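Coordinate inspection notes
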Amino acid sequence: MSILTRPILEINLGNLCENYRFLQKLADGAVAAAVVKDDAYGLGAEVIAAKLYNDAGCRSFFVAHGIEGEKIRPHVANAKIYVLQGIGEDSLESFRKAELIPVIAGREQLEFWKEHRIPGIKPVIQIESGLNRLGFREHELETMSQDDRNLFSLVLSHLACADEKGHFMNEHQLENFNRLRQKYFPKLPATLSASDGTFLGKEYLFDMVRIGAAMYGINTAPYRENQMLPVVKIMAPVLEISPLCRGEFVGYSATYRAADDRKIAIVSIGYGDGIPRSLSNVGKIFFRNGGKICEARIIGKVSMDNIICDVTEVENLQVGDMAFVVDDFYTLDDIGRDAGTIGYEVLSRIGKNTRFDRRYTD
């Protein structure tokens, strides 16, 4: 007899490359840089970066921290690797070993860079255009010497509301970014857009776009039908099937009580695997049964290792059958919506979990 107990994370590398190529074409001649920070949103930065480098021809990558850039360098030998959180004492050796390019967003990091320059590397300057997160403000740019401005190879900013095409902030930031770069860095190439901004139109593309979530199948432009292929599937085995009598309670804190006789399945996945606890009593999973896709409601609290679901209407279910948590018909965006969050967070939480049986496919 064969039985499984671990959840499965399946990552389709072929669809990943197709998504990259689609976005590269949409970028209309701008460099399509792949964002592989946070271990490629939890999907394995070394594998993802190598696949994009070797099969899709990607030659520019963004990570968050120097240690992430050092990790992927052996797999992308001739690529440019940009580091969004910049450079400091805790990352200097990674920059030196892996020839990384820092994104410098403040005066302190600029002074640190000038003290610890790496030959052959010209950093990126991040400027604040309206998000009010990282980036030099205009009063800092005004007082920056020309020698300091000449240190940089690229000017970067980040959109706040690019997932809403008609949002006033998009045009506001575009105008602000154009004004600041033309005033202070007129000769430098520029990058403003991540995945969602790539869909806004040619004026938002500049010389480079930074492709992240969309490449992993998430709909970063929810005002339109998702044009990305699915990259992630999540499955988990049924460990037990039991009757639930009318009036009985389910799970921790007894938050669900059966109004009539039901049948329940205990599925081997929980918040310890990254499933949001906010799906308690509101989420759903699916089973394939006789050529049909059957929905089963999550009942009771999501626990660390298990969820309990109502399978009264699912015929012929057996212990060992697979529950589909994320699939083509119930995407990362769908589960993010039902959990009161976004697909980005769900993917990041699930992808980094070591308890999954991780399977790469083409």
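Think of each chain on its own: its residues are numbered from 1, step by step along the sequence as written. With the structure being a predicted model, the display of local features is reserved for residues of pLDDT at least 70 and the display and counting of side-chain atom pairs for 80 or more, all residues being used for whole-chain, interface and lining totals. Only hydrogens and water are removed before side-chain values are computed, so all heavy atoms of the structure are retained for them.

1. Here's the deal with the overall build of the protein
Elements are defined by DSSP. Helices are runs of H or I of four residues or more, strands are runs of E of two residues or more, and each kind is numbered from the N terminus. When its secondary structure is counted, the protein shows 12 helices and 18 strands. Projected onto its principal axes, the C-alpha coordinates of the protein cover approximately 75 × 45 × 35 Å. Classification of the 362 residues of the protein by burial places 55% in the buried group. Every residue pair with non-hydrogen atoms within 4.5 Å of one another is taken to be in contact. Sequence-distant contacts, at least 24 apart, represent 66% of the contacts inside the protein between residues at least 6 apart. Accessible surface is estimated by sampling points in the Shrake-Rupley manner with a 1.4 Å probe; for residues, cover comes only from the protein chains shown. For the protein, the computed accessible surface area is about 16500 Å², with 48% contributed by carbon and sulfur atoms. Per-residue accessibility, obtained with a 1.4 Å probe over protein chains only, is compared with the maximum for each type, and a residue is labelled buried under 20%, exposed over 50%, and partly exposed between these values.

2. Some thoughts on the pairing of strand β2 (residues 31-35)
Most of β2 sits out of view: four of its five residues are buried. Pairing between strands requires that DSSP locate at least two bridges from one strand to the other. Two strands pair when backbone bridges link them, and β2 and strand β9 (residues 208-211) are joined in this way by four bridges, in the parallel orientation. Opposite A33, over in β9, you have R210 as the bridge partner. Pairing analysis gives two bridges linking β2 to strand β3 (residues 60-63), with the strands arranged parallel. Looking at the pairing, A34 lines up with F61 of β3.

3. A look at the pattern of salt bridges
In what follows, salt bridge is the name for a side-chain nitrogen of Lys or Arg lying within 4 Å of a carboxyl oxygen of Asp or Glu. Here the structure, examined in full by the defined rule, presents 23 salt bridges. Linking D327 and K233 is a salt bridge whose minimum nitrogen-to-oxygen distance equals 3.8 Å. Of this pair, D327 sits in the loop between β17 (322-326) and α11 (332-338) while K233 is found in strand β10 (residues 232-244), placing the two residues 94 residues apart along the sequence. On the basis of relative accessible area, D327 is assigned to the buried category, the value being 3%. Of the residues examined, K233 reaches a relative accessible area of 25% and is grouped as partly exposed.

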